[in-house]
Amino acid sequence: MSRRLIAAVGATLAVLVAGCGSSGHQAAPRSTQSTPSGSSLTSSPGSSPTSPDPTGAATTSSPGGQKAAVLDAYQASWSDFLAVATHYPVNPLDPRLAHHMSGKELAFRQTQLTRAELQGQYLRGTVATSHAYVKGISGTDAVVVDCDLDQTAVWNGKTNQVVTPAGTGRTLINARVDLVNGVWKVTDQSTVSEGCTP
């Protein structure tokens, strides 16, 4: 998910939770990417970026074909996420999220989108993943490395005002992509470092 959406929603929730006398914590920064072709994805409220393969199904067993399928699934997961996150009001249970995500990653995205929904927030902008590559595949598990460029901004859907402006820095990302019931899906993702050079 966009680091800016997480930060904006997390800060708002921290204030709300503190005001209720409970303790809470802000979610760790995560990342957002773009299209399977490696190009940037541009979205505006109500638009729906599309994924070239809506199922992420593994279509070939050759090593090159597997790498392509893994990379397509990784980048399609971001297309799906942006299709949901850029539509106001966001729907954390939108079925597109499960097309290319599963496990911890799907649960994390749905939790963050639920928080955004409660705060009346959504995203606008682009995220570039043209530098993503498959680091390795071992059976039904794969690792994708990316130096993404997240240029999304968090917007308040009620006031149509910017909550958190778009950033300009790149982030080094590791994503685990697993073959789940014959479909490659992102199951976990972590920020390795803020700032990277493609």
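Residues numbered from 1 in each chain as written. Predicted model: local features only at pLDDT ≥ 70, side-chain atom pairs only at ≥ 80, totals over all residues. Heavy atoms only, no water.

Trainee: Please provide a residue-by-residue account of unusual backbone geometry, values included.
Mentor: Omega for the peptide link from tyrosine 88 to proline 89 comes to -5°, which places this bond in the cis form. Inspection of the secondary structure puts proline 89 in the loop between helix H2 (63-85) and helix H3 (97-100). One non-glycine residue, asparagine 160, adopts positive backbone phi at about 55°. Looking at the element boundaries, asparagine 160 is found in the loop between strand S4 (141-156) and strand S5 (161-164). Classification of asparagine 160 as partly exposed rests on a relative accessible area of 41%. The backbone phi angle of asparagine 181 is positive, close to 50°, even though this residue is not glycine. As for its position among the elements, asparagine 181 is in the loop between strand S6 (170-180) and strand S7 (183-194). (Helix = DSSP H or I, 4+ residues; strand = E, 2+ residues; numbered from the N terminus. Buried < 20%, exposed > 50% of the residue type's maximum accessible area, 1.4 Å probe, protein only.)

Trainee: A description of the packing of aromatic side chains should follow, citing residues and the corresponding values.
Mentor: Per the counting criterion, the structure on display carries 3 aromatic pairs. On the numbers, 5.6 Å between centres and 45° between planes, the contact of tyrosine 88 with tyrosine 122 is tilted. Here tyrosine 88, found in the loop between H2 and H3, pairs with tyrosine 122, found in strand S2 (residues 121-128); they are 34 residues apart in sequence, far enough to count as distant. Look at tyrosine 88 and you get partly exposed, because its relative accessible area is 30%. Members of the aromatic cluster, each reached through a chain of ring pairs, are Tyr74, Trp78 and Phe81. Across from the ring centre of phenylalanine 81, 4.9 Å away, lies the NZ or CZ of arginine 109, which sits over that ring. (Phe/Tyr/Trp six-rings, centres within 6.5 Å; stacked < 30°, edge-to-face > 60°. Lys NZ or Arg CZ within 6 Å of the ring centre and 35° of its normal.)

Trainee: Could you give an account of the state of the cysteines, with specific residues and numbers?
Mentor: Tallied over the full model, the rule gives 1 disulfide. In this model cysteine 147 forms its disulfide with cysteine 196; the gap between the sulfur atoms is 2.0 Å. Between cysteine 147 and cysteine 196, the S-S dihedral sits near 105°, and the bridge is therefore right-handed. Of this pair, cysteine 147 sits in strand S4 while cysteine 196 sits in the segment after S7, and the two are 49 residues apart along the sequence. (Disulfide = S-S within 2.5 Å.)

Trainee: Describe the pattern of salt bridges, and please don't skip the residues or the numbers.
Mentor: The final tally for this structure, using the stated rule, is 5 salt bridges. The residue aspartate 188 makes a salt bridge to lysine 104 at a minimum N-O spacing of 3.5 Å. Residue aspartate 188 is found in strand S7, and its partner lysine 104 is found in helix H4 (residues 103-119); the two are separated by 84 residues along the sequence. We classify aspartate 188 as partly exposed; its relative accessible area is 27%. Lysine 104 gets classed as exposed once you look at its relative accessible area, which sits at 58%. Between arginine 176 and aspartate 141 there is a salt bridge, with its nearest N and O atoms 3.1 Å apart. Taken together, the residues span a long stretch of sequence, with arginine 176 in strand S6 and aspartate 141 in strand S4 at a distance of 35 residues. In this structure arginine 176 comes out as partly exposed when scored by relative accessible area, which is 39%. Judged by relative accessible area, which is 30%, aspartate 141 ranks as partly exposed. Through salt bridges with shared partners, one network takes in Asp141, Arg176 and Asp178. (Salt bridge = Lys/Arg side-chain N within 4 Å of Asp/Glu carboxyl O.)

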